[in-house]
Each structure stands twice: as structure tokens, then as C-alpha cells.
Amino acid sequence: MHADRQGRLDGYAMLSAAAVQEMASWRQDLHRHPETAFDEHRTAGKIAGLLRSFGLEVATGIGRTGVVGTLRAGEGKRAIGLRADMDALHLHEQGDVPHRSRHDGRMHACGHDGHCAMLLGAAKHLAESRSFDGAIQFIFQPAEENEGGGQEMMEDGLFERFPVDGVYGMHNWPGLPLGQMAMHPGPMMMAFDLFEIRLRGKGGHAAMPERVRDVVVAQAQLVTALQSIVSRNVDPLDCAVLSVTQVEAGSTWNIIPEQALLRGTVRYVNPAAQAVIESRMRALVDSISLAMGVEAEMDYWYRYPATINAEAETSLAADVAASLLGVANVRTNMRPSMASEDFAFMLQARPGCYAWLGVDGPAPGAGLHSPHYDFNDQALAIGAAYWIKLAETALAPAAKAAEQ
């Protein structure tokens, strides 16, 4: 097997054409039947059934709808976790692929269908080969999209019930060519928080603003002021983004409303930056509402921590990827993404590595969360081969590990 600098692949000896086609059929079936956060009942049932058919021990209902398949070989005591996310998005698919979503308003626009298929393909191969020494926990996680399924699995005792020494995740990455992967130690993705600001004033006729306490003007002042927090309070060398994403007020032309609402997100890697941002937000909400003569309440929710890779596990993962794709096709210098991932909860509990898998062909496809997105099935063999080789390397028999 070889991958050149354009990421074109000659094939993987460890995976037959029939195995790759089978993964594609699983992936496309999951794509036709997308299920969103904590509603992944059909998806979980299909995955559990396949894992049992491969001969794995299977547990369901972990973190509500999560699935864990356990595979053991040899006498080794070490164990690793390999994780794929299962949920789809609330989005109406606009592509015209034959396996288009059958459920209006739901689609696999982030490639989680591909993630599941690749991990299933690896599980089947490893169950047949038993080419490792120890235990592999195949973790199929619900509700990655905003709802914290990774945290739910951790709170349900994931690593107490299914012990691992290290844990690994992977996400397809538009913008990275097919045949390449990316990973580096330290932050891969940012922490993610949510906020909501509610304003209450005195409504009235738009022609008589002197008789009201205008929440719309206060709302506009806040939107502008919030944008100064990162640029004027956070160290420029710290990554942070505050975005107002929802602005709601009023329902007609000639009435100044009594209530207004702001919602948005805060992303960061340094907890010290987060503390500054939240503190300044609360101060601005209090001062602007006081100045404008309206009442204000703010809620702030901590959601996902930063996704931070461990040094040793990332070095191992990069070596594995390089052995499959060639050193030139493993990127270790890509900038972290300002997006977020609840795989971070697993990395807080165990050392591990989160990697990006290239999926772009000669002409780049739609980006993640686009209504036109569809996972590139040509990446299935690469992702499955990475999981297989990673398991074989991390859990190599003692004699073989000594040779390496």
C-alpha cells in the first residue's frame, strides 16, 4: 500500500474489496436512517447486532443510547478504547445521493455514519485476525452534536465498566486531502460554552419611544459590546471566540417589545481566558442594562472542555498513520480547530489521541454541517486500516513490542 503526496491510494492489503464494500453498505444504510442526540435507537441496535455477529461482548444503553463492544485476544492486560460517534444533525438534506436521508429535517451532515462504518469494519477484521494481545473497547457514542453524549457515557461509568489505558478518536476532515491524516499533541479543538441573556423593559408604541424602556436598543448595545471582550481583555496569544448567534425581539413594525433575547457561544482553550470572558460578559450585561433602564438576566453553561491530545499516544498514532500513508501524508503542524468535541471528556479521564482523516477528492466536497455533505466512501478503507494498525501496534505482544 502506498499514498503519494496527492493522497491517491493503491489499496490496503489487510482489507479486501468485499470488506470495503460491506463498510460502504453499512455507512449508506446509516445515512438513510439518521437519528439525532439520544434518539439513536435503530443505529445502536444495528451496531450492537453487527458487533455480536462478529463475536464481541456487547453492552448497550451506556450513556442512554451508547454501545460498547469488547474484544479480547491473548493474555495481555493492556486495553485501549476506540471511539466513533453515532448521531446525526437536525438539518434537511439537499443532496441527491441514492442513499439520501429518508427523514426530513435529519441528516448525517458530519460524517458520523462513516465513523461508525470504519470502526465496525475494524472490529470485524480484528475479531477474525485476533492480531493483538489485550482488550479493545469499541465505543459507539451518542449525542456528540451539542448534547454531551461523551459526558453522559463517562458519568455512566464508561471506563470503570470498560477499563482502558488509552483512548483514541477520529473525525473526517473536509479540507484535508484523501490519503492524509492530521494529529498533534496538545489542543486539537477548543472548549465550548453557551450563554443566554434575557432583557425585560417596558414596551409601547414605536412612535412614542419616550414612554418605553427599550430592550432593542439595549440588545444592540450588548451585541456590539460583547465583541470587544476577546479583542480587549484576552491575551492575543490565547485562542478565544465569542459569537452571538441568536437575536430575538418583537413581532411587528410599530411596537417596541417588552422582552429581548441574545444567545451564543464562547470557545477557548485556556480556562483563564474563559474566566475573563465570563466575568466581563456579566459586567457588561449589568452595566448596559442599568444604563438603558432595563432588567437583565444571564445564564452561562459550561459544555465541552478542550480536546487535548497526550504526547505519547499521539506519537504512537502518528507513527501508525505514517506506516500506512507515508510520513509526508501525516500532518503534525495543522492549527487547532475552533470547533469543539465531547471526546474531550474521555481525554480528561485517560490519555489518548484525536485525529483528523482527510476526505477531499480532486474536487473538494461540501463542508461539515452542510445540507449537501456526504461522507466520502473512499476514506472508509483508510480509516478502518488506521484503527486496525493502531490496535495491533498499541497492543502488540510483548516479544513483538520489544522488537519494535
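The rules behind each value
Residues numbered from 1 in each chain as written. Predicted model: local features only at pLDDT ≥ 70, side-chain atom pairs only at ≥ 80, totals over all residues. Heavy atoms only, no water. Helix = DSSP H or I, 4+ residues; strand = E, 2+ residues; numbered from the N terminus. Rg over C-alpha atoms; globule rule 2.2 N^0.38 Å. Buried < 20%, exposed > 50% of the residue type's maximum accessible area, 1.4 Å probe, protein only. Contact = heavy atoms within 4.5 Å. Areas by Shrake-Rupley, 256 points an atom, 1.4 Å probe, with all protein chains shown as cover. Lys, Arg positive; Asp, Glu negative; His and termini not counted. Charge placed at Lys NZ, Arg CZ, Asp CG, Glu CD. Phe/Tyr/Trp six-rings, centres within 6.5 Å; stacked < 30°, edge-to-face > 60°. Lys NZ or Arg CZ within 6 Å of the ring centre and 35° of its normal. Core = buried A, V, L, I, M, F, W, Y, C linked by side-chain atoms within 4.5 Å. UniProt positions renumbered as here; feature names shortened; annotations may be inferred. Pairing = 2+ DSSP bridges. Axes fitted to C-alpha atoms, helices over the stretch in contact; angles between N-to-C directions. Disulfide = S-S within 2.5 Å. Expected span 1.5 Å × (residues − 1). Arc of directions from axis to C-beta. 1 Å grid on protein atoms, 1.4 Å probe; cavity = no way out; pocket = protein on both sides within 12 Å on 5 of 7 lines; lining within 4 Å. Points joined across faces, edges and corners; volume = space filled by probe spheres on them. Nonpolar A, V, L, I, M, F, W, Y, C, P; charged D, E, K, R; others polar.

A.B. asks: Break down the overall build of the chain for me, citing the residues and quoting the values.
C.D. replies: When you go through the chain residue by residue, the secondary structure sums to twelve helices and 16 strands. Relative to a compact globule of 404 residues, whose C-alpha radius of gyration would be 22 Å, the chain shows 24 Å and is just as compact. Expressed as lengths along the three principal axes of its C-alpha atoms, the size of the chain is roughly 80 × 45 × 40 Å. Every one of the 404 residues in the chain was classed for burial, and the buried ones make up 52%. By sequence separation, contacts in the chain at least 24 residues apart represent 80% of the contacts at least 6 residues apart. Of the roughly 17400 Å² that the chain leaves accessible, carbon and sulfur atoms contribute 50%. Each charge sign in the chain was given a centre, from 34 positive and 48 negative side chains, and these centres are 1 Å apart.

A.B. asks: An account of the packing of aromatic side chains is needed here, citing residue identities and associated values.
C.D. replies: As enumerated under the stated definition, the model contains seven aromatic pairs in all. Centroid distance F192 to Y304: 5.5 Å. Interplanar angle 80 degrees. Geometry classified as edge-to-face. Of this pair, F192 sits in strand β8 (residues 191-200) while Y304 sits in strand β13 (residues 295-304), and the two are 112 residues apart along the sequence. Across this residue pair, the class does not change: F192 and Y304 are buried. Here the aromatic residues F192, Y304 and F345 are joined through ring pairs into a cluster of three or more. Cation over ring: R64 sits above F38, and NZ or CZ is 3.6 Å from the ring centre.

A.B. asks: Account for the nonpolar core, with residues named and values stated.
C.D. replies: In terms of nonpolar packing, the biggest core is built from 64 residues, with F138, F140, Y386 and W387 touching the most fellow members. In terms of residue count, helix α11 (residues 380-394) provides more of this core than any other element does, eleven residues in total. If near-sequence neighbours (up to four positions away) are discounted, F138 is found in contact with L56, V67, V68, G69, L71, L82, L119, A122, A123 and L126. Core analysis: the next-biggest nonpolar cluster, separate from the first, contains 27 residues, L222, V266, A273 and V285 among them.

A.B. asks: Account for the UniProt feature "domain: Peptidase M20 dimerisation" (unreviewed entry) in the chain, naming residues and giving values.
C.D. replies: Taking the UniProt record as the reference, the feature "domain: Peptidase M20 dimerisation" (unreviewed entry) is found at residues 195-287. Taken end to end, residues 195-287 has its terminal C-alpha atoms 17 Å apart, with 38% of it in helix and 32% in strand.

A.B. asks: Could you give an account of the sheet that holds β13, naming the residues involved and the relevant values?
C.D. replies: Taken together, four strands build an open sheet; the order of strands is β10-β12-β8-β13 and the sheet is antiparallel. One side of each edge strand has no neighbouring strand; the edge strands of this open sheet are β10 (240-249) and β13. Sheet twist, expressed as the mean angle between neighbouring strand axes with direction ignored, is 15 degrees. Relative to β13, β8 is paired through nine bridges, and the arrangement is antiparallel. Bridging from a neighbouring strand, F192 pairs with Y304 of β13. Lying over the sheet, helix α8 (residues 271-292) contacts β8, β10, β12 (259-268) and β13, oriented at roughly 165 degrees with respect to β13.

A.B. asks: Account for the state of the cysteines, with residues named and values stated.
C.D. replies: Summed over the entire model, instances satisfying the criterion amount to zero disulfides. No disulfide involves C239; its sulfur sits 19 Å from that of C353, the nearest cysteine. Cysteine C353 shares no disulfide, and the gap to the nearest cysteine sulfur, in C110, comes to 18 Å. C353 gets classed as buried once you look at its relative accessible area, which sits at 0%.

A.B. asks: Let's hear about helix α2 (residues 41-54): which residues, and what values?
C.D. replies: For α2, spanning 14 residues, the distance from its first C-alpha to its last is 20 Å, which sits close to the expected 20 Å at 1.5 Å a residue. Regarding α2, the residues found buried are T43, A44, I47, A48, L50, L51 and F54. Angularly, the buried residues of α2 cover 165 degrees about the axis, an arc narrow enough to put them on a single face. Away from its buried face, by an angle of more than 90 degrees, α2 presents the exposed residues H41 and S53. Packed against the buried residues of α2 are α1 (17-32), β1 (57-62), β2 (66-73), α3 (112-129) and β4 (134-141). G55 occupies a position one or two residues after α2 and carries a positive phi of about 100 degrees.

A.B. asks: Please give an account of the pairing of strand β5 (residues 166-177) that cites residues and values.
C.D. replies: With respect to burial, β5 is a largely interior element, ten of its twelve residues being buried. Bridge count for strand β3 (residues 79-85) against β5 is four bridges, and the pairing is parallel. Among the inter-strand pairings, R83 is bridged to a residue of β5, identified as G169. Pairing of β5 with strand β16 (residues 352-360), which is carried by eight bridges, proceeds in the parallel orientation. Note that in β16 the partner of G169 across the bridge is Y354.

A.B. asks: Now, about the environment of R52: what can you tell me, with residues and values included?
C.D. replies: Assignment of secondary structure puts R52 in helix α2. If near-sequence neighbours (up to four positions away) are discounted, R52 is found in contact with V58 and T60.

A.B. asks: Any details on the layout of surface pockets? Residues and values, ideally.
C.D. replies: Considering only enclosed or pocket space, the largest pocket measures out at about 340 Å³ in volume. In terms of lining, the largest pocket is formed by 19 residues, of which the most central are E144, E145, A339, S340 and H369. Of the residues assigned to the lining of the largest pocket, the class counts are ten nonpolar, five polar and four charged.

A.B. asks: Hey, could you go over the sheet that holds strand β15 (residues 330-331) for me, with residue numbers and the actual values?
C.D. replies: Reading across from one edge, β1-β2-β4-β3-β5-β16-β6-β15 is the order of the eight strands in this open sheet, with mixed pairing throughout. The open sheet has two edge strands with one neighbour each: β1 and β15. Of the strands in this sheet, β2, β3, β4, β5 and β16 touch α3, which is tilted by about 160 degrees from β4. Seen against the sheet, helix α9 (residues 311-325) touches β5, β6 (181-182), β15 and β16 and runs at an angle of roughly 30 degrees to β16.

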